[in-house]
Amino acid sequence: MRVALITGITGQDGAYLAKFLLAKGYQVHGMVRRGSTLPFERIADLTDKIELHQGDLLDQMALNRLIEKVQPSEVYNLAAQSFVPTSFDQPILTGEVTALGVTRILEAIRTVDTNIRFYQASSSEMFGKVYEEPQRETTPFWPRSPYGVSKMYGHWMTVNYRESYNLFATSGILFNHESPLRGTEFVTRKISYAVAKIAHQVQSELRLGNLDAERDWGFAGDYVEAMWLMLQADEPDDYVVATGQKHTVREFCRLAFERVNLDWEKYVVVDERFYRPADVNTLCGDSSKARKELGWEPKVSFEQLVHMMVDQDMKRVKAEIKLAEEQA
């Protein structure tokens, strides 16, 4: 039985990846940060099938001990301070976790077992102010946020350990990938959740920033398969994972509100407070390398993704209203 260790297992990608690996017959371990309460909502149905361990990307010795204990054949580093606006408010913490955290895991692997295969969750935010479109593995990086800068550091450190120590270390440069498990602080889930609340008449408007920002949005469930495929390859490499299609925030709003038969323009308010100090206007990925070498391709379309998220949030809000009524 193959053993996998996932950092960030309680996040969106961690939950989908854990389910995917369990279906493949893996023994799955997850690293979680210690807290008075632990956010297990996304993996609530998996807690009896996986083993969780307390750890932190800030603690080198704890990472070493964890890898020695679990003895994984594959490590997936999905943990990060991953909310771009927060990275402007907390740039040092973002660097410690999202950048140096990668180095600490790589150093733990180098110290404990160089046969471990390592996956680093890189990000399309590294491209930032793009040099070319679509963006591919050879496109130069120009990050526009502390988050993007930190991800770029982690990406190049992964390349460096691969070249310096012959580690099977690979980076997946994933473009925006969403799902009903996305946090409500991210714009896509913020929209779908607000649509559901407006449809149920418990919210009157939705405040957003730049409606013209364009992103290449895919389904997180499709993208975790690409992560796994990268670690099954004969040689480690870096791959862009994307749909190759871009859509505006405005288009996401339109489709989301149309799903519940509402006119988005009656409810969406542009609020300058949600503009970033330095924004990324457009991102669109060329995943032809992953499609050719890994045999990967996205299965869920943009419209299907939006509908999936709205439908799930409609159920959530209905349940929340019912619970509130019962407690009143």
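Look up: the structure comes first, before these words.
Residues numbered from 1 in each chain as written. Predicted model: local features only at pLDDT ≥ 70, side-chain atom pairs only at ≥ 80, totals over all residues. Heavy atoms only, no water.

K.L.:
Quick question: what am I supposed to make of the sheet that holds strand β4 (residues 74-77) here?
P.N.:
In any sheet, the strands associate via hydrogen bonds between backbone groups, in a parallel or an antiparallel arrangement. Here 7 strands make up an open sheet; going across it, the order is β3-β2-β1-β4-β5-β6-β11 and the pairing parallel. Unpaired on one side and paired on the other, β3 (51-54) and β11 (238-241) mark the two borders of the sheet. Taking each pair of neighbouring strands and ignoring which way they run, the sheet shows an average axis angle of 20°. Sitting on the sheet, helix α1 (residues 12-23) touches β1 (3-7), β2 (27-32) and β4, and the angle it makes with β1 is about 175°. Packed on one face of the sheet, helix α5 (residues 146-165) meets β5 (117-123), β6 (168-174) and β11 and runs near 150° to β5. (Pairing = 2+ DSSP bridges. Helix = DSSP H or I, 4+ residues; strand = E, 2+ residues; numbered from the N terminus. Axes fitted to C-alpha atoms, helices over the stretch in contact; angles between N-to-C directions. Contact = heavy atoms within 4.5 Å.)

K.L.:
Any chance you could explain the side chain of Arg 182 here in plain terms?
P.N.:
Here Arg 182 is to be found in the loop between β7 (177-178) and α6 (187-199). Classification of Arg 182 by relative accessible area gives buried; the value is 14%. Of note is the side chain of Arg 182, whose polar atom sits 3.5 Å from the backbone oxygen of His 177. (Buried < 20%, exposed > 50% of the residue type's maximum accessible area, 1.4 Å probe, protein only. Polar contact = N/O pair within 3.5 Å; in protein donor to acceptor, adjacent residues only side chain to side chain.)

K.L.:
Help me understand the packing of aromatic side chains in this model?
P.N.:
We describe a pair of aromatic rings using the distance from one ring centre to the other and the angle between the two ring planes. A full pass over the atoms with the stated rule returns 13 aromatic pairs. Judged by centre distance (5.9 Å) and plane angle (15°), the ring pair of Trp 217 and Phe 302 falls under stacked. Of this pair, Trp 217 sits in the loop between β9 (214-215) and β10 (218-219) while Phe 302 sits in helix α10 (residues 302-327), and the two are 85 residues apart along the sequence. A relative accessible area of 3% places Trp 217 in the buried class. What links up through ring pairs into an aromatic cluster is the set Phe 127, Phe 141, Trp 156 and Phe 175. One cation-aromatic arrangement involves Lys 24 over Trp 228; the distance from NZ or CZ to the ring centre is 4.4 Å. (Phe/Tyr/Trp six-rings, centres within 6.5 Å; stacked < 30°, edge-to-face > 60°. Lys NZ or Arg CZ within 6 Å of the ring centre and 35° of its normal.)

K.L.:
What's the story with unusual backbone geometry in this structure? I'm lost.
P.N.:
With the exception of glycine, the majority of residues adopt a negative phi angle, and the majority of peptide bonds are in the trans configuration. A cis amide bond, omega 0°, links Glu 133 with the succeeding residue Pro 134. In this fold, Pro 134 is placed in the loop between β5 and α5. Not every positive phi belongs to a glycine, and Gln 71 is a case in point at roughly 50°. Overall, Gln 71 belongs to the exposed group, its relative accessible area being 61%. Of note, the phi angle at Gln 201 is positive, near 60°, even though the residue is not glycine. Checked against the element boundaries, Gln 201 lands in the loop between α6 and β8 (206-208).

K.L.:
Help me understand helix α2 (residues 60-70) in this model?
P.N.:
Side chains three or four residues apart in an α-helix point the same way, a direct result of the helix having 3.6 residues per turn. Every buried residue of α2 is accounted for by Ala 62, Leu 63, Asn 64, Leu 66, Ile 67 and Val 70. On its buried face, α2 is in contact with β1, β2, β3 and α4 (91-112). With a side-chain oxygen positioned 3.3 Å from the backbone nitrogen of Met 61, the residue opening α2 is Asp 59. Positive phi shows up at Gln 71, right after α2, with a value of about 50°.

K.L.:
Sorry if this is basic, but what is going on with the packing of α1 against helix α7 (residues 220-232) here?
P.N.:
A pair of packed helices is captured by two measures, namely the crossing angle of their axes and the spacing between those axes. Put simply, α1 and α7 touch, their axes get as near as 9 Å, and they point 65° apart. Relative to α7, α1 is oriented so that their crossing is right-handed. For the pair α1 and α7, the contacting residues are Gln 12, Asp 13, Tyr 16, Leu 17, Phe 20 and Leu 21 in the first and Ala 220, Gly 221, Val 224, Glu 225, Met 227 and Trp 228 in the second. Of the residues assigned to the contact of α1 with α7, the class counts are 8 nonpolar, 2 polar and 2 charged. (Left-handed = near helix turned anticlockwise from the far one by under 90°. Nonpolar A, V, L, I, M, F, W, Y, C, P; charged D, E, K, R; others polar.)

K.L.:
It is not clear to me how the pattern of salt bridges should be interpreted in this structure. Could you clarify?
P.N.:
Between side chains of opposite charge, pairing is possible as soon as their charged atoms come close. In the structure shown here, the tally under the stated rule is 20 salt bridges. As a salt-bridge pair, Glu 107 and Arg 110 come within 2.5 Å of each other at their nearest N and O atoms. Of this pair, Glu 107 and Arg 110 are both found in helix α4, 3 residues apart, which corresponds to roughly one turn of the helix. Owing to a relative accessible area of 32%, Arg 110 belongs among the partly exposed residues under this scheme. Arg 182 is the partner of Glu 178 in a salt bridge, and the nearest nitrogen-oxygen pair spans 2.8 Å. Each of the two residues, Glu 178 as well as Arg 182, counts as buried. Three or more residues are tied together by salt bridges with common partners; here these are Glu 132, Arg 136 and Asp 286. (Salt bridge = Lys/Arg side-chain N within 4 Å of Asp/Glu carboxyl O.)

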